[in-house]
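Here is how the chains run, residue by residue.
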Amino acid sequence: MTGLILSVITTNKDRIAGGVPIFIESTTEKMQQTAFTLEKILDAMVHEVSDDTLIIVRHK
C-alpha cells in the first residue's frame, strides 16, 4: 500500500513547509472542520501528525 499526501492543515505555521497545499487555521476546531471537508472532497483520509497538524492522504 502506498500513500500520497495531498495537503496539510495546521494551527502552527512555523512548523510547516513543503510542496503540497497548506491550510493554516486559527483554532483546532477550524483545523478539524477544514480537514473533514477536504477529506470528503478529495476522497482521502485525515491523519493526525501532532496536536496542531493534520495531513490528508490518499491511499492506493
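Just so you know, these numbers come straight off a predicted model, no measurement behind them.

**Observations regarding the sheet that holds strand 3 (residues 45-50)**
- Overall, mixed pairing links the four strands, which are arranged 2-1-4-3 in an open sheet. Where the open sheet ends on each side, the last strands, each with one partner, are strand 2 (22-24) and strand 3. For this sheet the average axis-to-axis angle between neighbouring strands, irrespective of direction, equals 25 degrees.
- By the bridge criterion, three bridges tie strand 1 (residues 3-10) to strand 2 in an arrangement that is parallel. Looking at the pairing, Val8 lines up with Ile22 of strand 2.
- Helix 1 (residues 28-42) contacts strand 1, strand 2, strand 3 and strand 4 (53-59) of the sheet and is inclined by roughly 10 degrees relative to strand 4.

**With respect to unusual backbone geometry**
- Backbone geometry at Asp43 places phi at a positive 50 degrees, although glycine is not the residue there.
- With respect to the element layout, Asp43 can be found in the loop between helix 1 and strand 3.
- With a relative accessible area of 65%, Asp43 lands in the exposed category.

**Re the nonpolar core**
- The biggest cluster of nonpolar side chains holds eight residues, and these are Leu6, Ile9, Met31, Ala35, Leu38, Ala44, Leu54 and Ile56.
- Within the residue set of this core, elements represented by two or more residues are strand 1, helix 1 and strand 4.
- Element by element, the count of residues in this core is highest for helix 1, at three residues.
- If sequence neighbours within four positions are ignored, Leu6 has contacts with Val20, Pro21, Leu42, Ala44, Ile56 and Arg58.

**So, the pattern of salt bridges**
- The tally for this structure, following the rule as stated, stands at one salt bridge.
- One salt bridge connects Arg15 with Asp52, and the closest N-O pair in it is separated by 3.1 Å. In this pair, Arg15 sits in the loop between strand 1 and strand 2 while Asp52 sits in the loop between strand 3 and strand 4, placing the two residues 37 residues apart along the sequence.
- Residue Arg15 is classed as exposed on the basis of its relative accessible area of 52%.

About the criteria used
- The residue numbers shown here count from 1 along each chain, following its written sequence.
- In view of the model being predicted, local features appear only for residues whose pLDDT reaches at least 70, and side-chain atom pairs are presented and counted only at 80 or more, with totals across whole chains, interfaces and linings using the full set of residues.
- To obtain the side-chain values, all non-hydrogen atoms of the structure were used and water was disregarded.
- Between any two strands, at least two bridges found by DSSP are needed for them to pair.
- Helix and strand labels come from DSSP, where a helix needs a run of H or I of at least four residues and a strand needs a run of E of at least two; each type is numbered from the N terminus.
- Fitted lines through C-alpha atoms serve as axes, helices being fitted only where they are in contact, and the angles separating the N-to-C directions of these axes extend from 0 to 180 degrees.
- Throughout, a residue-residue contact means that at least one pair of heavy atoms, one from each residue, lies within 4.5 Å.
- Think of it in three bands: with a 1.4 Å probe and only protein chains considered, a residue is buried below 20% of the maximum accessible area for its type, exposed above 50%, and partly exposed in between.
- By nonpolar core we mean a set of buried residues, namely Ala, Val, Leu, Ile, Met, Phe, Trp, Tyr and Cys, connected to one another through side-chain atoms within 4.5 Å.
- Salt bridges are defined as contacts in which a side-chain nitrogen from Lys or Arg sits within 4 Å of a carboxyl oxygen from Asp or Glu.

Function-wise, these values are silent; they only describe arrangement.
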